[in-house]
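# A look at the structure
Residue strings, one per chain:
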Amino acid sequence: MTIDRSINLKNLKYLIAGLLAIAAAVVCLNVFFIASLKNAMNQEADEYLGEISEHIAAMINERVENGFQTLRTTARSLHLFDSEEEMQSYLQVVGEENNFSRITFIDPEGNGYASDGESIDTSNEGIRKAMRGEENVSDVFVAADGKTSVFYSVPVYENDDSVAGVLAGTSSVETLKSFLDVESFGGEGFSQIVDYDGNYVVQSDNKNAVKGYDNHFTMIENNGTLEGGKTIGQVREAMAANERGTFRFDNRNDGVTRIANYISLAVPDWYLFSIVPLSVVSAQTQVTIDFAIAISCVMIALFIVVLFLLYRNYRKSNERLETLAFVDPVTGGMSRLKFEMEAEK
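Read on for an overview of the structure. (Residues numbered from 1 in each chain as written. Predicted model: local features only at pLDDT ≥ 70, side-chain atom pairs only at ≥ 80, totals over all residues. Heavy atoms only, no water.)

### A short note on the pattern of salt bridges
Heads up, the condition is: Salt bridges are defined by distance alone: a side-chain nitrogen of Lys or Arg within 4 Å of a carboxyl oxygen of Asp or Glu.
Considering all chains together, one arrives at 12 salt bridges under this definition. A salt bridge links Glu125 to Arg132; the shortest N-O distance between them is 3.5 Å. Salt bridges sharing partners connect three or more residues here, namely Glu125, Arg128, Arg132 and Glu134.

If you want it as structure tokens, here you go:
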């Protein structure tokens, strides 16, 4: 009977060990699954943010190209006008219909004819580039109406393809702001346009945008660090190569980690940065992870219950075997086997 009991106990130990091994394997698999799931969902969030950047960038690039196309078409029509007054009236109508606060024709001598009749500064580098035959968008400046603006400049050609002047359209950067208001991540994400040096061309008013800075890179350097050992220098190198990318930076002042995706725009040295707090992205990820953890806990609890039931069943089985072996069913006293075992002692 002792041998049988030892065998049963040994078998039970093997069974428990096997179940514990299975439980450990399940836990390890769940840990691996959770880690893989987190990485996959973070990658999915990066890709989604990248898709938003592409969508906004495409709209901005289309707006810029439409501005250039308007000026090209207008430039080809200037020879039709015999007087400055007729030209100004025409340019005013074109400007009003195409979101230009003013359109100006500048001849090679620097004389300007503006649609609003106001005097103009013809020393802008963008105008000089257009005089050399280069279409361009100027650096940001404050226009006569007090708005932060840019020049869209295109060369005006003679019949012999020589440059006869420049047609420049002044456009407020606010016309681009509407494209940045595309809602993402439930209104928690936002986009901004910066130049190669990090200066804001168009800054977002979103509640999650850090205020009080004119330079995006200065804001990052003064408030936190980039994750993964990245540096602003590396980001700028990628921007210069027209590469797109994503990085995370921790803001030590508000404690918020943000994901930023950057992509180059059609205007040279302009880049779109789309940003969202990591907590917003992680919210859905955390729900899924919590669900996976809950499943793991339930499975572990079930294993514990199974082990408890096996152990209790083992105890009851042993008790029944002992009763059958050591208790006389008639008298309720010791059986012959129990008597002999006691006598041997």
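### Considering the nonpolar core
Rules: As used here, the term nonpolar core means buried Ala, Val, Leu, Ile, Met, Phe, Trp, Tyr and Cys residues forming a set that is joined through side-chain atoms within 4.5 Å. Each residue is placed in one exposure class: buried if its accessible area under a 1.4 Å probe, protein chains only, is under 20% of its type's maximum, exposed if it is over 50%, and partly exposed if it falls in between. Comment: elements are numbered from the N terminus, with helices defined as DSSP H or I runs of at least four residues and strands as E runs of at least two. Throughout, a contact is declared for two residues whenever any of their heavy atoms are within 4.5 Å.
Residues Ile60, Val137, Tyr152, Leu167, Ile193, Trp270 and Leu272 are the most contacted members of the largest nonpolar core, which totals 37 residues. When residues of this core are traced back to their parent elements, those giving at least two are α1 (2-75), α2 (84-97), β1 (102-106), β5 (148-157), α4 (174-180), β8 (200-202), β11 (257-264) and β12 (270-277). At nine residues, the largest contribution of residues to this core is made by α1. Those residues in contact with Ile193 that sit more than four places away from it in its chain are Ile60, Leu176, Leu180, Asn199, Tyr200, Val201, Val202, Leu265, Trp270, Tyr271 and Leu272. The next biggest cluster of nonpolar side chains, apart from the first, holds 20 residues, and it includes Tyr200, Val210, Leu226 and Phe247.

### Details of the sheet that holds β12
Two pairing modes exist for strands in a sheet, parallel and antiparallel, and in both the strands are linked by backbone hydrogen bonds. This is how the line gets drawn: A pair of strands counts as paired when DSSP detects no fewer than two bridges linking them. A fitted line through C-alpha atoms represents every axis, and for helices the fit uses only the stretch in contact; the resulting angles, taken between N-to-C directions, go from 0 to 180 degrees.
In spatial order, the strands read β8-β7-β12-β11-β10-β9; together these six strands make up an open sheet with antiparallel pairing. Of all strands in the sheet, those with a lone pairing partner are β8 and β9 (224-226), marking the two edges. Within this sheet the neighbouring strands show an average axis-to-axis angle of 35 degrees, counted without direction. One ladder, built from three bridges, connects β9 with strand β10 (residues 245-251); its direction is antiparallel. Among the inter-strand pairings, Gly224 is bridged to a residue of β10, identified as Asn251. Here helix α5 (residues 216-223) sits on the sheet in contact with β7 (190-195), β8, β9, β10 and β12, set at roughly 110 degrees to β9.

### Description of empty space enclosed by the protein
The rolling of a water-molecule-sized probe over the atoms marks out the regions of remaining empty space. Convention followed: The distinction between a cavity and a pocket rests on a 1 Å grid over the protein atoms alone: a 1.4 Å probe fits inside a cavity but cannot get out, while a pocket stays open yet meets protein on both sides within 12 Å along at least five of seven lines, and a residue with an atom within 4 Å of a point counts as lining. Grid points are joined across faces, edges and corners, and a volume is the space filled by probe spheres set on the points. Three residue categories are used. Nonpolar comprises Ala, Val, Leu, Ile, Met, Phe, Trp, Tyr, Cys and Pro, charged comprises Asp, Glu, Lys and Arg, and polar comprises the others, including Gly.
All chains considered together, the criterion is met by two cavities of 30 Å³ or more. If you add up the space inside the largest cavity, you get close to 50 Å³. Lining the largest cavity are 13 residues; nearest its centre among them are Ile52, Ser184, Gly189, Phe190 and Ser191. Secondary structure elements with two or more residues in the lining of the largest cavity: α1, β7 and β12. For the lining of the largest cavity, the residue count by class is nine nonpolar, four polar and no charged. Considered as a void within the structure, the second largest cavity measures approximately 30 Å³ in volume. Every residue lining the second largest cavity is listed: Phe190, Gln192, Asn208, Ala209, Val210, His216, Met219, Phe249, Arg258 and Ile275.

### Observations concerning a nonpolar patch on the surface
This is how the line gets drawn: Each patch is built from residues lacking any salt bridge and having more than 30% relative accessible area; the joining distance is 9 Å for like charges and 5 Å for nonpolar side chains (Val, Leu, Ile, Met, Phe, Trp, Tyr). The accessible surface values rely on the Shrake-Rupley method and a 1.4 Å probe; as for residues, cover is taken only from the protein chains in view.
A surface patch of nonpolar side chains, about 320 Å² in accessible area, is lined by Val27, Val31, Ile300 and Ile304. Put simply, the parts of the chain that give the nonpolar patch at least two residues each are α1 and α7 (278-326). Mapping Ile300 onto the fold places it in helix α7. Residue classification places Ile300 among the partly exposed positions, given a relative accessible area of 34%.

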